[in-house]
Structure formats: structure tokens, C-alpha cells
Amino acid sequence: TCFLEISSWFCSPETRLPSSHQLVEADSPQVLLSSEDVPKDFIKLKSEKLSVDEVSELVISPYCGAVSLFIGTTRNNFEGKKVIHLEYEAYTSMAETEIKKICRDVRQKWSSVKHIAVHHRLGVVPVTEASVIIAVSSPHREESLEAVTYCINTLKASVPIWKKEIYEDEYSWKENKECFWANSEK
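Residues numbered from 1 in each chain as written. Predicted model: local features only at pLDDT ≥ 70, side-chain atom pairs only at ≥ 80, totals over all residues. Heavy atoms only, no water.

Student: What am I meant to see in the pattern of salt bridges here?
Tutor: For side chains bearing opposite charge, pairing can occur when the charged atoms are close. Evaluated as defined, the whole model comprises seven salt bridges. Ionic pairing is found between arginine 107 and aspartate 41, a salt bridge with its closest N-O pair at 2.5 Å. With a gap of 66 residues between them, arginine 107 in helix 3 (residues 92-109) and aspartate 41 in strand 4 (residues 41-46) connect regions that are remote in the sequence. Among the residues examined, aspartate 41 registers a relative accessible area of 35% and is labelled partly exposed. The closest approach of N and O atoms between arginine 121 and glutamate 129, which form a salt bridge, is 2.5 Å. The same class applies to arginine 121 as to glutamate 129, namely buried. Within the structure, one salt-bridge network assembled from shared partners comprises Lys44, Lys46 and Glu54. (Salt bridge = Lys/Arg side-chain N within 4 Å of Asp/Glu carboxyl O. Helix = DSSP H or I, 4+ residues; strand = E, 2+ residues; numbered from the N terminus. Buried < 20%, exposed > 50% of the residue type's maximum accessible area, 1.4 Å probe, protein only.)

Following this line, the structure appears as C-alpha cells:
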């Protein structure tokens, strides 16, 4: 016989739980695993406008009390220059592979994380629109907040996505200061 606590922790029959926690008895371990229980990663690189609602809804889970978001947007200035828009290019297959690695790393570091969504826009991104949206769900806020921070920092450091800033009279390809290959050449 298996027992499942409502908060999804597994325990033996000998474990004493607070009276506020209900137990559900199951005759088979398969009963404990439904499609809802399976953690999912949602990775998308696309040229269309990103939707915060769409990305956050992907990670909602009845098992989680926290959804943390990072939204990176195009600002209208950089070092005193007026930014008109950004343009992103990617080595798509490699970028997707690297983002999958980030998701695996997150799950190793924060085992309670349920779902992860990483959507990055490619092509032209006007001022105020999102370039990247990352969402992470977990039972508690600390894990999801730490995981979101890890995701964006690692994405900027290791994923082959390049940014071109378009100013009024010029443009500039930007490299991330966190990017490991930029630092290895110096």
C-alpha cells in the first residue's frame, strides 16, 4: 500500500502527519502518477510577440503555490543613445538544446520545481515589448525565485542568441557580459 500526502510528499504508513494533512490510500504506485504530476518544460523561440499570460499559464499547477516570472523588455535607451528597437538572431537548434540543459540543471538544483517555461523572441522587438519571458512554478516561492534568476543568468551566459541594438543613426551588436565565450577571448 502506498500513501500520498495532499502536498505530494511520499511517506510510509508509520509516518505521523499533522491532522490538517489528508491521506489518500492507493493500491498501486501508478495511481500516484498522473499527467498532472509530470514536470514539464516549455521552450519556444519565435518571431511573434510574446505573451506573459500564455507563458505564466503554462506553468500553473494545483501542486504549486508559487509562479515566478522574469520578463526582459526592450528599453528606449542605452548609454545615452536612443534605442529604436532590438533585433535578435539565434542558432536555433543549439539554443533550444542549451535551454533544455538549463531546465535540467534547475531540476537538479531545485527538485521541487514543477514546470519551467522559457520563451525568447527572435527578429525585431520594439521598445517596451518582451524579448524573453521565463516562468517557473514550485510549491514555495523561494525555489521558483531562485530558479528564475538562475535561468536568465545562465541563458545570457550560455545560449547562442545574439542581440543587435538599433539606434537613431547607427546599430551595435551586443555581447552579454556574462557570456562565457566572450570572456574566454580576453
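Student: Hey, could you run me through the packing of helix 3 against helix 4 (residues 141-158) in this one?
Tutor: The packing of two helices is summarised by the inter-axis angle and the distance between the axes. Two elements in contact, helix 3 and helix 4, have axes whose closest approach is 10 Å; the angle formed by their N-to-C orientations is 145°. Considering only the axes of helix 3 and helix 4, their crossing is right-handed. Taken together, the residues of helix 4 that come into contact with helix 3 (itself represented by Glu98, Ile99, Ile102, Asp105, Val106 and Lys109) are Ala147, Tyr150, Cys151, Thr154, Leu155 and Ser158. Here the residues of the contact of helix 3 with helix 4 are counted per class, giving seven nonpolar, two polar and three charged. (Axes fitted to C-alpha atoms, helices over the stretch in contact; angles between N-to-C directions. Left-handed = near helix turned anticlockwise from the far one by under 90°. Contact = heavy atoms within 4.5 Å. Nonpolar A, V, L, I, M, F, W, Y, C, P; charged D, E, K, R; others polar.)

Student: Explanation requested: unusual backbone geometry in the structure shown.
Tutor: Most peptide bonds are trans, and most residues other than glycine sit at a negative phi. Look at glutamate 79: it is not a glycine, yet its phi comes out positive at around 50°. Structurally, glutamate 79 can be placed in the loop between strand 6 (77-78) and strand 7 (81-90).

Student: Would you explain the nonpolar core in this entry?
Tutor: Considering soluble globular proteins, one finds that nonpolar side chains tend to be buried as a cluster. The biggest cluster of nonpolar side chains holds 27 residues, and the ones touching the most others in it are Val106, Ile116 and Ile134. Those residues in contact with valine 106, other than ones at most four positions away along the chain, are Val113, Ile116, Ala147, Tyr150 and Cys151. In this structure, Leu50, Ala117, Ile133 and Ala135 belong to the second largest nonpolar core, which totals seven residues. (Core = buried A, V, L, I, M, F, W, Y, C linked by side-chain atoms within 4.5 Å.)

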